[in-house]
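What follows is each chain in one-letter form.
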Amino acid sequence: MSVRRTLGFVVASLILLVAGTFAAVKLTTDHLLYRQATSAAENWARYVADNVKDLEFIALGEQPSSASMEFFNWAQRVGLVYRYEIFNREGFSQLVSDRKQTALVGVSEFSPEAARSVERRTPVVAAQEGDGVERPAFFAEAYVPVLSGDRPIAVVAAFLDQTQEREAFFSTFLVAAIALCLLTALAFCLPAIAWYRRTKEKERADEQIRYLAHHDVMTGLDNRHRLSEKLQRALVSLPERGGKLALHYVDLDYFKNVNDTLGHDAGDALLQLAAERLRMAARKKDFVARIGGDEFTIVQVDASDKSEAEALAQRVITILREPFVVKGQAVSVGASVGIAMAPTDAIDIAQLMRCADLALYKAKADGRNCARFFSSQLDVDNQARLALEQALRSAVATDGFGLEFQPIYDSMNKTLVGYEALVRLPSFDDGTTSPSVFIPIAEDIGLIGYIGRWVLKKACHAAAAWPEHLSVSVNLSPAQFSTGDVCETVAEALRESGLDPRRLELEITEGLLLGDTEAVMEQLGGLKKLGVLIAMDDFGTGYSSLSYLWRFRFDKIKIDRSFMSAYDDANGNAGTVVKTIVALGRSLNMQVTVEGVETDGQATFVRNLDADQVQGFYYGRPMPEAALGASMLADLRSETAEPKDTSDKPATIRKAG
Ligand code: C2E
Ligand code: CA
Ligand code: CA
């Protein structure tokens, strides 16, 4: 029952209680008065009948004796009786005694009550309301038949004024009734108030629960559940409204960095500010929701076309690019936006959300800080990715990964110094899909730990069987450092294979040093203590911050292969940069490997560099473990031979003359 209805019920009950009490007081008062009045009037009538000796004669119309007159006058003064009447036995009045006089009546009047009392031989009594002028406001009259033996001789009527009694009675009862009412109301109200307060509290709690069920507490925006409800309604009414609807998925770029560097308080504050800006960017009729950590959505209802959706997305990107002031610091993030249109891309909610999600994924893949619309190609790409994920999972379950080894040569004397281990997924696309494609996916779906361990063990095991001067290089993904057990994994691989740690080289990329550097540095230090070598891979791409080079003493720098492919570009100065990096390595006392050497021209250029090692298709392609023996042998035999491109076969080893 609602509080409003209950309050109505309580008020009505109280009114009923007061009215009922009042009616009960009135009824009781009237009843008691009636009883009192009738008995008093009857007593007075009897008293008169007993004391007026010549009553029979008076009833016959004779003048009362002086004693009777005196009695009448006395009776008038002492009692409450304001009037007597004497009737003959037929019921006709003969004498009236009131406060003015006592006298025989001029014209005799018939009284049915008097006649009835004679007829029944019992008093007839009645209490009545008077007009307050001629008769008292409340009075009682008693007609008492006077009998001589069995014979009626007269009727005495006594009129008793009861007005004051009634008032006294009434006010006494009223006071009692009011007190009763108050007590009852109190007894009634205390639990009612308690109930009311409890109900109010419950209503407030319900309200809070409803709010929580529909809102994101931190930002006050709608939550995913509410978004679904509203979006569903908007989609249902779309055909009759006409036009289009745009669903924007907005994801803050690099938000995790804010949490990691400034703490979660700062992250929360930034999310609140971002939510505020999104609310401002959207129109009133659009709905803004937060559906995940740093993921928001805007439902742009009635978007006339794609350009209108694009305009909103650009507005969102622009306002979220503006720095936020958090904990007194200016913090910059950006935003990527994925857009799906209804009814063009989808008409049902799940499908539309999927499309927006794919578009967002695309925006992030395209370098973030941009907006992308859904297209059917994204769907195709997604299917391919799902298939790849499936292949990775099943390779984990069935030990289905493979390993190839690419030779690395000494740049000076052109001898083989070792191999880089490169993981393969033979079950997918005939094993042609590069790990640079499937490793990031394995990282995303949490399989990199397994793969990393597998490669390390397999590579160490293989290398342990090679001649002792050959080393093996293994690539480590940043994700392998986030679990904190990379040192144990490496130590275990070394222990199990019996490989000398100095023959194991671990390649990391600078992406690793972007995150939680302290923990990473500690783990790198731990690896160094194991005695393995650490190489900075793909140097020259990405940020290439030199700070990494002095903060950690790498054993080797591997110059990214993009410099070699750019070397042939006539206008480029990639060669100069490569020279500079080699010089940098020299001065830092780090070895330098030049990767990606494919052509004669590149090989000639590299030959004149002061680099330590070379690697590339020109010298040898990655090959399966089974082909290594023959390759090593060929390498020993052809010590003086000039290298040549071996792109059609996997494993011919050459060294420059
Ligand atoms: P990376 O570490 O730079 O490895 C060298 C990549 O360059 C290999 O590609 C290799 O086949 C290719 N390559 C070597 N010489 C040449 C050349 O002359 N020209 C061209 N165009 N390419 C050359 P792959 O095997 O596709 O591996 C790609 C990347 O995947 C690797 O780049 C590495 O970052 C990653 N990767 C490979 N294996 C693993 C692994 O076991 N674990 C981790 N975390 N990443 C791996
Ligand atoms: Ca590498
Ligand atoms: Ca590399």
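Preceding this section is the structure that the text describes.
Everything numeric here is computed off the predicted structure, so don't read it as measured data.

Next up on the list: the overall build of the chain. Helix and strand counts for the chain stand at 22 helices and 22 strands. In summary, the chain has a C-alpha radius of gyration of 56 Å against a globular reference of 26 Å for 657 residues, an excess of more than 25%. Principal axes of the C-alpha set define a box for the chain whose edges measure 180 × 55 × 50 Å. For the chain, the share of sequence-separated contacts (at least 6 apart) that also reach a separation of at least 24 residues comes to 63%. Total accessible area computed for the chain in this model is approximately 33100 Å², and 55% of it derives from carbon and sulfur atoms. Across the chain, the mean location of the 71 positive side-chain charges is 1 Å away from that of the 87 negative side-chain charges.

Summarising the metal site, the calcium ion (ligand 3) is bound by the protein donors D537 (OD), D538 (OD), E595 (OE) and E595 (OE), whose distances to it range over 2.2 to 2.8 Å. Each donor residue of the calcium ion (ligand 3) lies on the same chain, and together they follow the pattern D-D-x56-E. Between the calcium ion (ligand 3) and the calcium ion (ligand 2), the interatomic distance is 3.8 Å, and D537 donates to each metal, bridging them. Here E595 lies in the loop between β20 (591-594) and α21 (600-607) and D537 lies in strand β18 (residues 533-539), a separation of 58 residues in the sequence. We classify D537 as buried; its relative accessible area is 7%.

Quick look at the layout of surface pockets now. Taken as a whole, the second largest pocket holds about 430 Å³ of empty space. Every residue lining the second largest pocket is counted, 17 residues in all, and those nearest its centre are Y82, R83, D98, K100 and E134. Elements supplying a minimum of two residues to the lining of the second largest pocket: β1 (81-87), β2 (93-98), β3 (102-104) and β6 (151-161). Counting residues per element, the lining of the second largest pocket draws most heavily on β1, which supplies three residues.

The protein atoms that coordinate the calcium ion (ligand 2) are E420 (OE), N475 (OD1), E507 (OE) and D537 (OD), at distances spanning 2.0 to 2.3 Å. Here the donor residues for the calcium ion (ligand 2) map to a single chain with the spacing E-x54-N-x31-E-x29-D.

Applying the stated criterion to the full structure yields 36 salt bridges. For the salt bridge of D216 with R290, the shortest nitrogen-to-oxygen distance reads 2.8 Å. Remark: R290 occurs in strand β8 (residues 287-292) and D216 occurs in the loop between α5 (163-214) and α6 (224-236); sequence separation between them is 74 residues. Accessibility classification places D216 together with R290 in one group, the buried group. Its salt-bridge partner being K558, residue E507 comes within 2.5 Å of it at the nearest N-O pair. In this pair, E507 sits in strand β17 (residues 504-508) while K558 sits in strand β19 (residues 556-559), placing the two residues 51 residues apart along the sequence. Residue classification places K558 among the buried residues on the basis of a relative accessible area of 1%. Residues joined in a network through salt bridges with shared partners are R385, E389, R393 and D444.

A few words now on unusual backbone geometry. A cis amide bond, omega 5 degrees, links A342 with the succeeding residue P343. Relative to the helices and strands, P343 is located in the loop between β12 (334-342) and α11 (349-365). Phi at D302 takes a positive value of approximately 55 degrees, unusual for a residue other than glycine. Mapped onto the elements of the fold, D302 is located in strand β9 (residues 295-303). Residue classification places D302 among the partly exposed positions, given a relative accessible area of 28%. One non-glycine residue, D429, lies in the positive phi region at around 50 degrees.

In spatial order, the strands read β3-β2-β1-β6-β5-β4; together these six strands make up an open sheet with antiparallel pairing. Edge positions in the sheet fall to β3 and β4 (124-129), since each has one partner strand and no second. Recorded for the sheet is a direction-independent mean angle of 15 degrees between the axes of neighbouring strands. Pairing of β4 with strand β5 (residues 138-148) involves six bridges; the strand directions are antiparallel. Opposite V124, over in β5, you have Y143 as the bridge partner. Where helix α4 (residues 112-120) meets the sheet, its contacts fall on β1, β4, β5 and β6, and the angle it forms with β5 comes to roughly 40 degrees.

So, about the site of ligand 1. Around ligand 1, the surrounding shell holds 23 residues, and the nearest of these are Q406, S434, R561, E598 and F617. In the model, an oxygen atom of ligand 1 is placed 3.1 Å from a nitrogen or oxygen of the E420 side chain. Contacts to ligand 1 include N475, whose side-chain N or O atom sits 3.0 Å from an oxygen atom. In isolation ligand 1 offers 790 Å² of accessible surface; the protein chains occlude 86% of this area. Only β15 (416-424), α13 (435-444) and β18 provide two or more residues apiece to the shell around ligand 1.

Before going further, it helps to spend a moment on the environment of Q351. Here Q351 shows up in helix α11. Separated by 11 residues in sequence, Q351 and A340 have C-alpha atoms that sit 9.5 Å apart.

Within β12, nine of the nine residues are buried, leaving the element largely enclosed by the surrounding structure. The alternating pattern of β12 places G334, S336, G338, A340 and A342 and A335, V337, I339 and M341 on opposite faces, both of which are buried. Sheet topology note: the strand β7 (residues 244-253)/β12 ladder contains nine bridges and is antiparallel. Residue L252 lies in a different strand from β12, and its bridge partner there is A335. Direction of pairing for β12 relative to strand β13 (residues 371-373): parallel, over a ladder of three bridges. From the neighbouring strand, G338 faces β13, where its bridge partner is R372. Crossover handedness for the path β12 to α11 to β13: left-handed.

Cut-offs applied
- Residues numbered from 1 in each chain as written.
- Chains lettered and ligands numbered in written order.
- Predicted model: local features only at pLDDT ≥ 70, side-chain atom pairs only at ≥ 80, totals over all residues.
- Heavy atoms only, no water.
- Helix = DSSP H or I, 4+ residues; strand = E, 2+ residues; numbered from the N terminus.
- Rg over C-alpha atoms; globule rule 2.2 N^0.38 Å.
- Contact = heavy atoms within 4.5 Å.
- Areas by Shrake-Rupley, 256 points an atom, 1.4 Å probe, with all protein chains shown as cover.
- Lys, Arg positive; Asp, Glu negative; His and termini not counted.
- Charge placed at Lys NZ, Arg CZ, Asp CG, Glu CD.
- Donors = N, O, S within 2.8 Å, 3.2 Å for Na, K, Ca; no water.
- Buried < 20%, exposed > 50% of the residue type's maximum accessible area, 1.4 Å probe, protein only.
- 1 Å grid on protein atoms, 1.4 Å probe; cavity = no way out; pocket = protein on both sides within 12 Å on 5 of 7 lines; lining within 4 Å.
- Points joined across faces, edges and corners; volume = space filled by probe spheres on them.
- Salt bridge = Lys/Arg side-chain N within 4 Å of Asp/Glu carboxyl O.
- Pairing = 2+ DSSP bridges.
- Axes fitted to C-alpha atoms, helices over the stretch in contact; angles between N-to-C directions.
- Near = heavy atom within 4 Å.
- Polar contact = N/O pair within 3.5 Å; in protein donor to acceptor, adjacent residues only side chain to side chain.
- Right-handed = clockwise from strand over helix to strand, strands pointing away.

In short, the description is geometric, and any link to function would need to be established separately.
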